[in-house]
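Topology and contacts: notes
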Amino acid sequence: MARGFFITFEGGEGAGKSTQIERLAKKMRAKKYDVLVTREPGGSPGAEAVRHVLLSGAAEPFGPKMEALLFAAARSDHVEQVIRPAVERGSVVLCDRFMDSSRVYQGVTGGLDPAFMDALEKVAINGMVPDMTLIFDIDPAEGLRRATARRGSSDGPDRFEKETLAIHQRRREAFLAIAAAEPERCVVVDASADLDTVEDVVTAIVFAALERMMPAQRRQAAPV
Ligand code: TYD
């Protein structure tokens, strides 16, 4: 059976993941790849319903365990309703945040038990491990500055953005630790460079992997 490719994009706040995903998707479609862009928390109707509860801070008073369970519930729905079917029909799925965000935000900076987090991850992804993960690395002070500029002055920071610089610094280190522990899956991208430079780096990494893993005959015609 044709199998597509599952790529996740991870990193701290304001690292430019969403912009780079859009640019990459455009380039891939031009090369006739069938691409699905999605994000977490969310990406399926069930998961989008949970997204607001998490990002508004409505779940925060109930503690990090409750939040971790809600992220996992959203992820499970997203995997089964959207990601797995797309990969099974041969698409390339580009997902803005996935399991590594839970490992870092809930596991490391949420202080949850690693065994609990491992068990939750297994249930949520149900074998759907990303083929490749790009970890966008940026100094959190710069990332938060960018996130604030992007948001404009009308909206405040979300539940996770509002935390202290020291917490964001721990998250950066935790993402880099995941990359070091799983080099066969993860590639670190220096996200501090300008957009065009980061785009060139991302394009080179992803297309090299696709040429290797997904021969031309398995690509599908881009929708017109
Ligand atoms: P969002 O505005 O969608 O994205 P981004 O920061 O990537 O531009 O915010 C998602 C927030 O949710 C972000 O602060 C990270 C957090 N998050 C977790 O804490 N755990 C998770 O498992 C996921 C997927 C996200």
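Structure's up top.
The following paragraphs examine the structure supplied in this document.

Definitions and cut-offs
Residues numbered from 1 in each chain as written. Predicted model: local features only at pLDDT ≥ 70, side-chain atom pairs only at ≥ 80, totals over all residues. Heavy atoms only, no water. Axes fitted to C-alpha atoms, helices over the stretch in contact; angles between N-to-C directions. Helix = DSSP H or I, 4+ residues; strand = E, 2+ residues; numbered from the N terminus. Parallel < 35°, antiparallel > 145°, perpendicular 65-115°, else oblique. Left-handed = near helix turned anticlockwise from the far one by under 90°. Contact = heavy atoms within 4.5 Å. Nonpolar A, V, L, I, M, F, W, Y, C, P; charged D, E, K, R; others polar. Buried < 20%, exposed > 50% of the residue type's maximum accessible area, 1.4 Å probe, protein only. Polar contact = N/O pair within 3.5 Å; in protein donor to acceptor, adjacent residues only side chain to side chain. Near = heavy atom within 4 Å. Areas by Shrake-Rupley, 256 points an atom, 1.4 Å probe, with all protein chains shown as cover. Pairing = 2+ DSSP bridges.

A look at the packing of helix H3 (residues 64-88) against helix H5 (residues 114-125)
Orientation of H3 relative to H5, taken along the N-to-C sense of each, is 25°, at an axis distance of 8 Å. If you check the angle between H3 and H5, you find them roughly parallel. Crossing hand, H3 versus H5: right-handed. Mapping the contact onto sequence places Lys65, Ala68, Leu69, Ala72, Arg75, Ser76, Val79 and Arg84 in H3 and Phe116, Met117, Leu120, Ala124 and Ile125 in H5. For the contact of H3 with H5, the class distribution of residues is nine nonpolar, one polar and three charged.

Focus: the environment of Asp77
Mapping Asp77 onto the fold places it in helix H3. Since its relative accessible area comes to 25%, Asp77 is described here as partly exposed. Considered as a pair, Asp77 and Gly43 are 34 residues apart in the sequence and their alpha carbons are 8.9 Å apart. Setting aside anything within four residues of it in sequence, one finds Asp77 in contact with Ser44, Gly46, Ala47 and Val82. In terms of polar contacts, Asp77 uses its side chain to reach the backbone amide nitrogen of Gly46, at 3.4 Å.

Some details on the side chain of Arg185
Within the secondary structure, Arg185 sits in the loop between helix H7 (165-181) and strand E5 (186-190). With relative accessibility at 5%, the residue Arg185 sits in the buried group. Engagement of the side chain of Arg185 in a polar contact is seen with the side chain of Thr133, the distance being 2.7 Å. Beyond its immediate chain neighbours, meaning those up to four positions away, Arg185 contacts Met99, Asp100, Arg103, Val129, Pro130, Asp131, Met132, Thr133 and Ile178.

Here we look at the site of the ligand
Every one of the 16 residues lining the ligand counts as a neighbour, but Glu13, Arg51, Arg97, Ser102 and Gln106 are closest to it. Here an oxygen atom of the ligand sits 2.6 Å away from a polar atom, N or O, in the side chain of Ser102. Measuring from a nitrogen atom of the ligand, one finds a side-chain N or O atom of Gln106 at 2.8 Å. With the chains in place, 93% of the 550 Å² that the ligand exposes on its own is no longer accessible. Only helix H2 (45-55), H3 and helix H4 (99-108) provide two or more residues apiece to the shell around the ligand. Considering every element that reaches the shell around the ligand, the biggest residue donor is H4, with four residues. Among the residues making up the shell around the ligand, the classes are represented as five nonpolar, three polar and eight charged.

As for the sheet that holds strand E3 (residues 92-96)
Spatially, five strands are ordered E2-E3-E1-E4-E5 in an open sheet, and the strand pairing comes out parallel. Each edge of the open sheet is held by one strand with a lone partner, namely strand E2 (35-39) and E5. Recorded for the sheet is a direction-independent mean angle of 20° between the axes of neighbouring strands. The sheet contact formed by E2 and E3 spans five bridges and is parallel.

Function cannot be read off these values alone, since they describe shape.
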